[in-house]
Amino acid sequence: MLWVLFLLVAWGAATVSCVRLCLVSARTGLLSGAPVDDVGSIAAGHELTLYETAFLAGGPHRVVDLVLAGMHLRRRLLLAHTGWATVVDPEGRDEMERTVIRAIGPQGQSPIPPVRTAAAGADAVRALADRLVAAGLALPGGADVAAAVRAVRGAALLVVSMGAVTLLMPGQEHGPGGPVVSLLVWFGLPLALTVGCLAIARMEVHPYSSWASPAGQRLLAANDVPDAGGDVLAAIAVRGVRAVDDPALRAALGGGPGGPS
């Protein structure tokens, strides 16, 4: 009767992940049946700043990477390929730059990963997030649709794995009708639940995002921010560190835990 334990695991994973996706989607109003507001009605005439673009495209860590790269390019900060940041000009031009300088610390030098983590959770970045959420352009905290979809996908794979293990284990009672019928019946339902949930999510909430609401995604596209070419900072805001051509700068921003998104 070990197959019953596998079945409970499969059902538990499928149920929890699907309920989570439904709750997250309902929280953002994506599956509630309410129409998504037109971009023009939410932020008429609003042109995204680079900080706002970076947040909607990649979240708080993307914003910090944008600030670090901008200060480095303006020679206000030195980013070494070894992953260390050194303050050159201690006077930040705006609150984001001052937040990064404070995160580096009074010694004026620090590894980049802890700077990224500290600055991403600072008041300036949270205020930016709150403004975007209030405008309907960003998802509220805990409403990570992309992560919820990944969880459902993982649950679907787990259901298949549990069913395969049940079928292949020797000497197990599989219930009436033999092992194949038992596998299809008992494990087919949680698999159908996860696949159906993924199909609905694909129709209703795709493209999946961890940060931008549907209106925010539309505004990102409408602002037509360049994602490559001459404007390095715009490229970082849209695509992240992978858009950087300079290998030393890319190594500095990409090394260590808490790396760029």
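These lines cover the structure that appears in this document, whether it is placed above or below.

Quick notes on the rules
- Residues numbered from 1 in each chain as written.
- Predicted model: local features only at pLDDT ≥ 70, side-chain atom pairs only at ≥ 80, totals over all residues.
- Heavy atoms only, no water.
- Core = buried A, V, L, I, M, F, W, Y, C linked by side-chain atoms within 4.5 Å.
- Buried < 20%, exposed > 50% of the residue type's maximum accessible area, 1.4 Å probe, protein only.
- Helix = DSSP H or I, 4+ residues; strand = E, 2+ residues; numbered from the N terminus.
- Contact = heavy atoms within 4.5 Å.
- Pairing = 2+ DSSP bridges.
- Expected span 1.5 Å × (residues − 1).
- Arc of directions from axis to C-beta.

## Concerning the nonpolar core
And step 1. If you look at the biggest cluster of nonpolar residues, it comprises 41 residues, and the most contacted ones within it are Leu 68, Leu 77, Leu 79 and Val 100.
And step 2. A per-element tally of this core places helix H4 (residues 60–73) first, with seven residues.
And step 3. Discounting residues that sit within four places of it in the chain, Leu 68 has contacts with Leu 77, Leu 79, Val 100, Ile 112, Val 115 and Leu 253.
And step 4. In this structure, Cys 18, Val 24, Leu 139 and Cys 197 belong to the second largest nonpolar core, which totals 11 residues.

## Topic: the pairing of strand S2 (residues 84–87)
And step 1. Alternating residues of S2 divide into Ala 85 and Val 87, all buried, and Trp 84 and Thr 86, none buried.
And step 2. Note that strand S1 (residues 77–79) and S2 share three bridges and pair antiparallel. When the bridges of S2 are listed, Leu 77 appears paired with Val 87.
And step 3. The hairpin formed by S1 and S2 contains four residues between the paired strands, and Gly 83 there has a positive phi angle of roughly 95°.

## A few points about the side chain of Thr 194
And step 1. Note on placement: Thr 194 falls in helix H9 (residues 178–204).
And step 2. For Thr 194, a relative accessible area of 0% gives the class buried.
And step 3. The contact partners of Thr 194, leaving out residues within four places of it in the chain, are Ala 14, Cys 18, Val 152, Ala 155 and Ala 156.

## Thoughts on helix H7 (residues 123–134)
And step 1. A rise of 1.5 Å per residue sets the reference length of H7, with its 12 residues, at 16 Å; its end C-alpha atoms lie 16 Å apart and thus fit the reference within 8%.
And step 2. Those residues of H7 not exposed but buried are Ala 124, Val 125, Leu 128, Ala 129 and Leu 132. One face of H7 carries all of its buried residues, which in axial projection span an arc of 140°. When the buried face of H7 is taken as reference, the exposed residues oriented beyond 90 degrees from it are Asp 123, Asp 130, Arg 131 and Ala 134.
And step 3. Close packing links the buried residues of H7 with helix H3 (50–58), H4, helix H5 (95–104) and helix H6 (112–120).
And step 4. Phi for Gly 136, located one or two positions after H7, is positive at around 80°.

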